[in-house]
Amino acid sequence: MFGKTPHGTDGVDKDVRRSIRVGEVPVPELLPDEVLVQVMASAINFNTVWTAMFEPIPSFAFLERLGRTDPRHDLPTHVLGSDASGVVVATGEAVRHWRPGQKVVTTPAYVDSQDPITHHDSMLAADLRAWGFETNFGGLAEYAVVKATQLLPKPTHLTWEEAACSMLCASTAYRMLVSDNGARMKQGDVVLIWGATGGLGSYGVQLVRNGGGIPVGVVGSEAKAALLKRLGCEHVIDRSQFEHLDDEKAWRALGAEIRRLVGEDPDIVFEHTGKETFGASVYVARKGGKVVTCGSSSGYAHEYDNRHLWMKLKSIIGSHGANYQECHEVNRLIDKGMIHPTLSAVYPLEETAQAARAVQTNRHVGKVGVLVQAEREGLGVDDPAKRARIGEERLRLFR
Ligand code: NAP
């Protein structure tokens, strides 16, 4: 739960521990197309951090806007969380595909399925919202309310906390890299991945490898570089050797390092780091290459030299979340043991603020989980034989 208090606006360290609280709030009535989920585990996403910093705008503004059509959401508390695993408890009368007792994971896109565009690509819907960020009743709570079109079956070999951590980041990375809506990565493509052991990056690296591409991962420390190699990323760049990437000299040095490692320029640059890296990303992409971006952790107002874009016929692709089908496709890869959760740490619900602080201060790798109604870690595995086949060392690589 997130309290409507004016902390975090001191302009210095907007410490998320000052605005995230755990407390009691009522469970709302279900609409006909909604499902009540008993949450076993959840995870921290960067949007949890944005909300608790009141950036880019206080998320209560989102709730107020949604409240004009659905007044249940406009409350003085905001239940955060855009990922969860759990059990269906109750369904609205229009829900056909889900029934109580089923084990599920949630997907984050909250859309009106009666809007025509959602049948083409729901990410283009006018009223698209990120659940638990732009809506209330998110996953960091004992019970969550989702639309029926946000649910997928829980992968059978995973624990509750492993199942809960992947969907937002894995599906976003999938759309960015693999989908027709993103960069449409081909076998052999060289892909530069910023933040390669972070939430998005750790799935990006796996998707590139799984699709026959060649990842070049950028990380901020030696320890992360070692982890990235264990993830199977052969080509690793420690960004601490490039202090400021804000001029062409530094971009050239980065480009030279990529060429030294793989002998060519990236076909695709996987961007979410924003202002501090974007100029370099546009520069290092190969002629005709693509920069696909879904975020701006270091600042939204990017600067890049447009000559490098137009003269080299590069393109910038904006990407956001993933539609239900893209979520289904990546969940299938996880269920088949081709893509693995990158859970690194688990906190109890009471310590959600500390969990979010770890992500805010970049003290984490992969995903940070939150145990909610699961009694302890390690529960929820329905197919131990499949788990044994895949191997604990792969499933617990980030622990
Ligand atoms: P994360 O787990 O914190 O990972 C981000 C990684 O970026 C970190 O591991 C860090 O790695 C690297 N990094 C941070 N600052 C950097 C900088 N100035 N220069 C280069 N690298 C930097 O976060 P995440 O979950 O991956 O999310 C990343 C961003 O994507 C956030 O802004 C988030 O809001 C956005 N996002 C958007 C969507 C969407 O649908 N639009 C979905 C998910 C995430 P090193 O320190 O090791 O380099």
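The structure we're discussing is the one just above.
Described below are features of the structure shown in this document. (Residues numbered from 1 in each chain as written. Predicted model: local features only at pLDDT ≥ 70, side-chain atom pairs only at ≥ 80, totals over all residues. Heavy atoms only, no water.)

Let us now look at helix H7 (residues 222-230). Restricting attention to buried positions, one finds in H7 the residues Lys 224, Ala 225, Leu 227 and Leu 228. Down the axis of H7, the buried side of the element spans an arc of 165 degrees, and every buried residue falls inside it. Every exposed residue of H7 that faces more than 90 degrees away from the buried side is listed here: Glu 222, Ala 223, Lys 229 and Arg 230. Next to the buried residues of H7 lie helix H6 (199-210), strand S11 (214-219) and strand S12 (235-238). (Buried < 20%, exposed > 50% of the residue type's maximum accessible area, 1.4 Å probe, protein only. Helix = DSSP H or I, 4+ residues; strand = E, 2+ residues; numbered from the N terminus. Arc of directions from axis to C-beta. Contact = heavy atoms within 4.5 Å.)

Ranked by internal contacts, the top residues of the largest apolar core, which has 54 residues, are Val 191, Leu 207, Leu 228 and Phe 270. In terms of residues, this core owes the most to one element, helix H5 (residues 167-177), which gives eight residues. Apart from residues no more than four positions distant in its own chain, Phe 270 is found in contact with Ala 173, Met 176, Leu 177, Val 191, Leu 192, Ile 193, Trp 194, Leu 200, Gly 201, Gly 204 and Val 292. Core analysis: the next-biggest nonpolar cluster, separate from the first, contains 36 residues, Leu 80, Ala 84, Val 88 and Trp 131 among them. (Core = buried A, V, L, I, M, F, W, Y, C linked by side-chain atoms within 4.5 Å.)

Quick look at the packing of aromatic side chains now. Applying the stated criterion to the full structure yields five aromatic pairs. Centre to centre, the rings of Trp 251 and Tyr 283 are 5.9 Å apart; their planes meet at 40 degrees, and the pair counts as tilted. Here Trp 251, found in helix H8 (residues 248-262), pairs with Tyr 283, found in helix H9 (residues 275-284); they are 32 residues apart in sequence, far enough to count as distant. A residue is classified by how much of its surface remains accessible, and Tyr 283, at 18% relative accessible area, is buried. By way of ring pairs, the aromatic residues Phe 46, Trp 50 and Tyr 300 are connected into one cluster. The positively charged end of Lys 154 is found above the aromatic ring belonging to Trp 160, 5.4 Å away from the centroid. (Phe/Tyr/Trp six-rings, centres within 6.5 Å; stacked < 30°, edge-to-face > 60°. Lys NZ or Arg CZ within 6 Å of the ring centre and 35° of its normal.)

To continue, consider the pairing of strand S17 (residues 367-371). Most of S17 sits inside the fold, with five of its five residues counted as buried. Covered by surrounding structure in S17 are Lys 367, Gly 369 and Leu 371 together with Val 368 and Val 370, the residues of both alternating faces. Pairing analysis gives four bridges linking strand S2 (residues 34-44) to S17, with the strands arranged antiparallel. When the bridges of S17 are listed, Ala 43 appears paired with Gly 369. (Pairing = 2+ DSSP bridges.)

Burial analysis of S2 places ten of its eleven residues in the buried class, the great majority of the element. In this structure, S2 lies alongside strand S4 (residues 84-91), joined through seven bridges in antiparallel fashion. Residue pairing across strands places Ala 41 opposite Ser 85, the latter belonging to S4.

Packing of H5 against helix H11 (residues 324-335) leaves a shortest axis separation of 9 Å and a crossing angle of 110 degrees. In this view, H5 runs roughly perpendicular relative to H11, as classed from their interaxial angle. Relative to H11, H5 is oriented so that their crossing is right-handed. Contact with H5, carried on its side by Met 167, Ala 170, Ser 171, Tyr 174 and Arg 175, involves Glu 326, Cys 327, Glu 329, Val 330, Asn 331, Leu 333 and Ile 334 of H11 and no other residues of that element. Here the contact of H5 with H11 is composed, by residue class, of seven nonpolar, two polar and three charged. (Axes fitted to C-alpha atoms, helices over the stretch in contact; angles between N-to-C directions. Parallel < 35°, antiparallel > 145°, perpendicular 65-115°, else oblique. Left-handed = near helix turned anticlockwise from the far one by under 90°. Nonpolar A, V, L, I, M, F, W, Y, C, P; charged D, E, K, R; others polar.)

Okay, the environment of Val 49 next. Take Val 49: it is sitting in helix H1 (residues 46-52). Expressed as a C-alpha distance, the spacing of Val 49 and Ile 20, which sit 29 residues apart in the sequence, is 9.5 Å.

Taken together, the six strands give an open sheet; going across it, the order is S12-S11-S10-S13-S14-S15, and neighbouring strands pair in parallel fashion. Strands with a single pairing partner mark the edges of an open sheet, and in this sheet they are S12 and strand S15 (315-318). On average, each strand axis in the sheet is tilted by 20 degrees relative to the strand beside it, whichever way the strands run. As judged from the four bridges shared by strand S14 (residues 290-293) and S15, these two strands associate in the parallel manner. Directly across from Val 291, in S15, lies its bridge partner Ile 316. The strands touched by H5 within the sheet are strand S10 (190-193), strand S13 (268-271) and S14, with S13 carrying the most contacts at an inclination of about 150 degrees.

On their own, these measurements won't tell you what the molecule is for.
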